[in-house]
Amino acid sequence: MTSYVYGATVILVSILCYYNSLNCGFVFDDISAIKENRDLRPHSPLKNIFFNDFWGTPMHKEQSHKSYRPLCVLTFRWNYAISGMEPMSYHLVNMLLHAIVSVMYYRMSTIILSDVTAFIAALLFAVHPIHTEAVTGVVGRAEILSSAFFLAAFIFYVKATRRKKSTGWMYLIPTVLAVSAAMLCKEQGITICGVCAIYEIFVAQKLHINDIRHLIQNVASGKSPSLSTNWWPTEATRRLIVLCLSTLGLLFARLNIMGSQLPVFTKFDNPASVAPSPTRQLTYNYLVSVNLWLLLFPDALVCDWTMNSIQLIKGFIDPRNLWTLLSYTIIGWLSWIAISTENRRKANVLIMGLAFMVLPFLPASNLFFPVGFVVAERVLYMPSMGFCLIVAYGFHLLSEKCSKKMVWCFMAFFILSHSMKTWSRNFDWETEYSIFMSGLRVNKRNAKLFNNVGHALESEGKFDEALNYFQAAVKVQKDDIGGWINVGRTYNHLKSYKEAENAYLIAKSLLPKAKPGESYQARIAPNHLNVFLNLANLISKNATRLEEADSLYRQAISMRSDYTQAYINRGDILIKLNRTKEAQEVYERALLYDSSNPDIYYNLGVVFLELNKPAQALAYLDKALEYNPDHEQALLNSAILLQELARPELRKIARERLMKLLEKDDQNERVFFNLGMLAMDDRNIEEAEHYFRRAIHIKEDFRSALFNLALLLADDHRPLEAAPFLNQLVKYHPDHVKGLILLGDIYVNTLKDIDAAEHCYKRILQLDPVNIQGLHNLCVVYVERGLLAKAYACLNEAHKLAPNEDYIIKHIQIVETRLAKLKAQPSSTREKDLAFQEFDPREFGGRSLRQNKVDFKSMKTSQVGGERPKIVQTSKDPVFLDSHAADNFQKHEGMKRIQNNYATDLDDPSSGMS
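The structure displayed is predicted, hence computed values, not measured ones. (Residues numbered from 1 in each chain as written. Predicted model: local features only at pLDDT ≥ 70, side-chain atom pairs only at ≥ 80, totals over all residues. Heavy atoms only, no water.)

Undergrad: How should I be thinking about the overall build of the chain in this particular structure?
TA: The secondary structure content of the chain amounts to 39 helices and zero strands. Counting only residues that meet the buried cut, the chain has 56% of its 914 residues in that class. Residue pairs in contact within the chain that sit at least 24 positions apart in sequence constitute 68% of those at least 6 positions apart. Approximately 39700 Å² of the chain is accessible, and the part contributed by carbon and sulfur atoms is 58%. (Helix = DSSP H or I, 4+ residues; strand = E, 2+ residues; numbered from the N terminus. Buried < 20%, exposed > 50% of the residue type's maximum accessible area, 1.4 Å probe, protein only. Contact = heavy atoms within 4.5 Å. Areas by Shrake-Rupley, 256 points an atom, 1.4 Å probe, with all protein chains shown as cover.)

Undergrad: Is there a simple way to think about the side chain of D304 in this case?
TA: For D304, the location among the structural elements is in the loop between α12 (279-296) and α13 (321-340). At 4.2 Å, K448 is the nearest oppositely charged side chain to D304, a buried residue that forms no salt bridge. A polar atom in the side chain of D304 sits 2.4 Å from the side chain of T306. (Lys, Arg positive; Asp, Glu negative; His and termini not counted. Salt bridge = Lys/Arg side-chain N within 4 Å of Asp/Glu carboxyl O. Polar contact = N/O pair within 3.5 Å; in protein donor to acceptor, adjacent residues only side chain to side chain.)

Undergrad: What is the right way to look at the environment of D30 in this model?
TA: Topologically, D30 is positioned in helix α2 (residues 29-35). Separated by 110 residues in the primary sequence, D30 and G140 place their C-alpha atoms 9.0 Å from one another. Sequence-distant contacts of D30, that is, excluding residues within four places in its chain, are made with G25, K35, G137, V138 and V139.

Undergrad: What should I look at first to understand the packing of aromatic side chains in this one?
TA: The geometry of two aromatic rings is summed up by the distance between their centres and the angle between their planes. Taken as a whole and judged by the stated rule, the model has 23 aromatic pairs. An angle of 15° between the planes, with centres 6.2 Å apart, marks the rings of F410 and F414 as stacked. Here F414 and F410 lie together in helix α16 (residues 404-428), a separation of four residues that amounts to about one turn. When the centroid spacing of 5.5 Å and the interplanar angle of 10° are considered together, the rings of Y601 and Y627 count as stacked. Residue Y601 is located in helix α26 (residues 598-610), and its partner Y627 is located in helix α27 (residues 614-627); the two are separated by 26 residues in the primary sequence. (Phe/Tyr/Trp six-rings, centres within 6.5 Å; stacked < 30°, edge-to-face > 60°.)

Undergrad: Please clarify how the nonpolar core should be interpreted in this entry.
TA: Most often, soluble globular proteins have nonpolar side chains that are buried together. Counting residues in hydrophobic clusters, the biggest one holds 267 residues, and the most contacted among them are F54, Y105, M108, F154, I192, M352 and F356. Residue contributions to this core peak at 12 residues, all from helix α7 (residues 141-161). Not counting residues within four places of it along the chain, the set of residues in contact with F154 comprises M108, I111, I192, V195, C196, Y199, M352 and F356. If you look at the next biggest cluster of nonpolar residues, it comprises five residues, including A364, V371, F373 and V379. (Core = buried A, V, L, I, M, F, W, Y, C linked by side-chain atoms within 4.5 Å.)

Undergrad: Mind showing me how you'd approach the state of the cysteines here?
TA: The tally for this structure, following the rule as stated, stands at one disulfide. Bridging C779 to C794, the disulfide has an S-S length of 1.9 Å. Note on the C779 and C794 pair: the S-S dihedral is about -75°, so by sign convention the disulfide is left-handed. Remark: C794 occurs in helix α37 (residues 788-801) and C779 occurs in helix α36 (residues 772-785); sequence separation between them is 15 residues. When sorted by exposure, C779 lands in the same class as C794, which is buried. (Disulfide = S-S within 2.5 Å.)

Undergrad: So what exactly am I meant to see when it comes to a nonpolar patch on the surface here?
TA: Residues W293, L296, F297, W323, L326 and I330 make up a contiguous nonpolar surface patch of roughly 600 Å² in combined accessible area. Listed by contribution, the elements that provide at least two residues to the nonpolar patch are α12 and α13. No other element matches α13, which puts three residues into the nonpolar patch. Looking at the element boundaries, L296 is found in helix α12. Among the residues examined, L296 registers a relative accessible area of 38% and is labelled partly exposed. (Patch = residues over 30% accessible without salt bridge, like charges linked within 9 Å, V, L, I, M, F, W, Y side chains within 5 Å.)

Undergrad: For this particular structure, what's the right way to read the pattern of salt bridges?
TA: Here the idea is simple: oppositely charged side chains can pair when their charged atoms come close. This model, assessed by the stated rule, comprises 44 salt bridges. One salt bridge in this structure joins R378 and D29, with 3.3 Å as the shortest N-O distance. Separated by 349 residues along the polypeptide, R378 in the loop between α14 (344-358) and α15 (383-401) and D29 in helix α2 bring together distant segments of the chain. We note that R378, like D29, is buried. Of the charged contacts in the structure, one is a salt bridge between E721 and R718, with a shortest N-O distance of 3.0 Å. Residue classification places E721 among the partly exposed positions, given a relative accessible area of 35%.

Undergrad: Quick question: what am I supposed to make of the side chain of N597 here?
TA: Position of N597 relative to the elements: it lies in the loop between α25 (580-593) and α26. The buried category is assigned to N597, whose relative accessible area is 10%. Separated by 2.9 Å, the side chain of N597 and the backbone nitrogen of D599 make a polar contact. Setting aside residues up to four positions removed in sequence, N597 forms contacts with R38, T564 and I568.

Undergrad: Got a minute to help me understand unusual backbone geometry in this structure?
TA: Peptide bonds are trans in most cases, and residues, glycine excluded, mostly fall at negative phi. The amide bond that connects S277 to the next residue, P278, takes the cis arrangement and shows omega of 0°. With respect to the helices and strands, the residue P278 is situated in the loop between α11 (234-258) and α12. Phi at M307 is positive, roughly 55°, even though this residue is not glycine. Here M307 is to be found in the loop between α12 and α13. Owing to a relative accessible area of 3%, M307 belongs among the buried residues under this scheme.

Laid out in structure tokens, this is it:
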């Protein structure tokens, strides 16, 4: 019963410590592993999880970090299926998993310690501040989940060893399965095989130092190796063989998945990895003492220890080497006590405590192979198990030798202080800004922290403040390529283009130079190639430098042939250079390297629109949606293309796609506008009006929405309601010819404001001197004013421009008839004088007055009698597409190509990855 109370208490304390983590968002590596990881999306094939790394990059690719954790990614996918991108659910799972691991740790500790001491160890483990990165950072789930299987494997194995005269296959098989699962969550999980082997040898079989001496003496003297007791159970041998074979099998499978390649890291991720000997060895061994210090005194916690966070140890006289010696001395001393003491309980605790602390740490120690970080707090999640065992046992020994009350008070204070530190540390993980600022308060030597604070400010539009941090980053580390890229991008946001270009050129000059016979890819971080994209995007704003921008993209591709973003952006430049066919070839080549990239399929759709092949364009847009059903540009523009095909069965699909966009963003004016266009297709006037009004409410200068709503209202015999929208249209867009025609029509026919109508038509002729509708309607205005001779000359000018327009010929005949009647009147009247008033034909684009005499003598009365010329109205087609490009779908501008306009130097996921 007591054990249940202890277990429940551990769970409760664990949850209380991390309850405030539920308010945290996605920060740091969460962005790459969750928000930008396509493997979490339901449309992504489930099998991709088993072929891609933790960050969604195919394992076979060189830029993959080889972190193969499919079971962990699977839990992220379940999270996404339940709650999408809501951070709370992800943090809730982490918190509950940590509580489960804590109670499992208590159960494991009871195998080695007394219940009370195991309870103390479990409490310390549950509240230790070093775990905040693993628990509060969502990507830390890899550590937590792996630890759960890690402990499960150990507990199963212990049960197998307790089966007297039996191998314990009933528990040994679950052990192997749990080890496999632990490794599929995080690479460190495989180290439990070593921990189990040590348990078998030193705890289950009680191997002592005397046995080891006897074994060594036998081997040295040429005798057969045997123990002093001459007893070693066959069952133990079988279990160890199973552990050994399991380890080798899992390692072989892991290497096969990696393609027998280690991930490539740069000096910015792990400076010691590229340092010469003995600097590399001295620094890596010093890191052991740094990690041990973090376990002992978890006060100065930092989310990122890369770059120059810990300066290299360049010689043996560096005083920090003393800390290295002290750390190894402590570990060696504890190891000696463990194997030499006659106290079996003490031996078991120290042996297993060291096993749990040292073995899981080795894969992340840099001692055997480089990893993508200098120090990472979350990788201490497993090693802290051994640390807490040893500390709790030390507390037990103190309580036997000193005042129990005093020791209990000290331990209570120790756990309480750790709990408070954990609680307060969780607040640091709330936002990107808060976590990186907390890091800067501890470590001002890491340029990446300055960069990431700048990114956080930049995302909030605080470009001036962001620039200060980016500039601080390049002062801390002058060769920080990413920092210079960030400086340039921020200058670009601030429209300081010259300074931006200079910063990009500095970043470009810092790129490592290619060496004969050496792969360039292996010597440069893919993010650093963004300098070519950013610089090319900047100079491509100048139409005279498009060829120069194309050259930069080609240079980036030559450095890394699989750099798909360079292909994407180069295709955009080629289209601007009217080299559409070449752009198609570039996009198709990009598909060779990333056949599941929806942006490439989308851009190919745009290319085929440029080539006037809508069927092929729609096929590629649909393909983009197949890989990413939430691709906003593909959803919008495929819906517009479906609408333009004018097939009723396709309008339903178009509407579904637009409504999907509306669910994601109910303030997208383009979606409302195109829903209005679909409603016009369906002759649903009320619904179309509603959507157009919503679009204008969001964007009051929305050109196409203003015109189409006005046209809709005019068609519905509500011209007075249409007029305000047309006035709003010409206020923001005084060059909108069709809007001016429709407004002039309303002024003439409804408002009877001839002056305003004349102003509209004259404005049209200023914009387009050969606009037939504008010229004709201006002629009609002259008729309304009684200026028949002027109207007659005006109509003849229109007839010259459009000789086949019947309505112009008919109106010329009407005016001829009226002029002939007036001419035939013997006396002068006001009407007659007005009709034959002199005029300057240049007002409507005619020739000079002398050259434009009207021969009134030849006029004869026509049969059209008293008809009046009528205003020619603009198109009444309810699916009228505004002639201006950008407001609605159009092949050249309305459909935007995906382009990495300002490639953010997002930190490489390896910055915190093991």
